[in-house]
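Here are the chains, one letter per residue:
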Amino acid sequence: MYNEDSIVYISNYHPYDFSLAKEYGKLVPVTKGSVNIFKLEDLQKDVENALNKFDNKKDYLLLVGNLVVNILCVTYILSKFPFVRCLIYGAKKHDYTCVTIKRDFNEQADLT
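Once a new chain begins, its residue numbering starts again from 1 and follows that chain's sequence as written. Confidence filtering applies because this is a predicted model: local features only for residues at pLDDT of at least 70, side-chain atom pairs given and counted only at 80 or more, and all residues used for totals across whole chains, interfaces and linings. To obtain the side-chain values, all non-hydrogen atoms of the structure were included, while hydrogens and water were left out.

1. A short note on the overall build of the protein
In plain terms, the rule: Numbering goes from the N terminus for both helices and strands, where a helix is a DSSP run of H or I of at least four residues and a strand is a run of E of at least two. Residue burial is assigned from relative accessible area. The probe radius is 1.4 Å, only protein chains are included, and a residue is buried under 20% of its type maximum, exposed over 50%, and partly exposed in between. What makes two residues a contact is simply this: any of their non-hydrogen atoms within 4.5 Å. Shrake-Rupley sampling with a 1.4 Å probe provides the accessible areas, and residues are treated as covered by the protein chains on show and by no other component. Residues scored as positive are Lys and Arg, those scored as negative are Asp and Glu, and His as well as the terminal groups of each chain are ignored. The atom standing in for a charge is NZ when the residue is Lys, CZ when it is Arg, CG when it is Asp and CD when it is Glu.
Within the protein, the secondary structure is distributed over two helices and six strands. Reading the protein from its N end, one meets helices and strands in the order β-β-α-β-α-β-β-β. Along the longest, intermediate and shortest principal axes, the C-alpha atoms of the protein span 35 × 35 × 30 Å. Evaluated residue by residue, the protein yields a buried proportion of 36% over its 112 residues. For the protein, the proportion of contacts with a sequence separation of at least 24, taken over those separated by at least 6, is 46%. Carbon and sulfur atoms form 54% of the exposed surface of the protein, whose accessible area is close to 7,000 Å². With 14 positive and 14 negative side-chain charges, the protein shows a spacing of 2 Å between the two charge centroids.

Written out as structure tokens, the structure reads:
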């Protein structure tokens, strides 16, 4: 699972314990803390700048925090690639699950 070249982009970094996500790669924030979701143009630029080196074959998007930020991150990546691998924390499992979201709704999403 871990690839030393992989990056886990954290959609909306807060001081949570993300240590379990380190098994997927190096942790890099897309946004940090409170963001102004009503200045979408600025937020979109921040997301684009942070994700411009995202590689869907080796990187992951950890979904956490603000819903609008999560939507912008997934939308941006899917505008460049046919799928994005997202890490979602499950409270019952106390661990991350990788969910592959595909641009084409005719293809089934994958849980890995």
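The discussion continues.
2. A closer look at the nonpolar core
Nonpolar side chains in soluble globular proteins tend to end up buried together. Short version of the rule: We call a set of buried Ala, Val, Leu, Ile, Met, Phe, Trp, Tyr and Cys residues a nonpolar core when their side-chain atoms join them within 4.5 Å.
The biggest cluster of nonpolar side chains holds 17 residues, and the ones touching the most others in it are Val47, Leu51, Phe54, Leu61, Cys73, Ile77 and Val84. Elements represented by at least two residues in this core include exactly helix 1 (40-51), helix 2 (67-80) and strand 4 (83-90). Take this core: its biggest share by element is seven residues, from helix 2. Non-local contacts of valine 84, meaning those with residues more than four positions away in its chain, are made with Phe54, Leu61, Val74, Ile77, Leu78, Val99, Thr100 and Ile101. Formed by 11 residues, the second largest nonpolar core is a distinct cluster that contains Ile10, Phe18, Tyr60 and Leu62.

3. A few points about unusual backbone geometry
Apart from glycine, the bulk of residues carry a negative phi angle, and the bulk of peptide bonds sit in the trans form. Residues other than glycine seldom take positive phi values, yet histidine 94 does so here, at roughly 55°. Within the secondary structure, histidine 94 sits in the loop between strand 4 and strand 5 (95-102).

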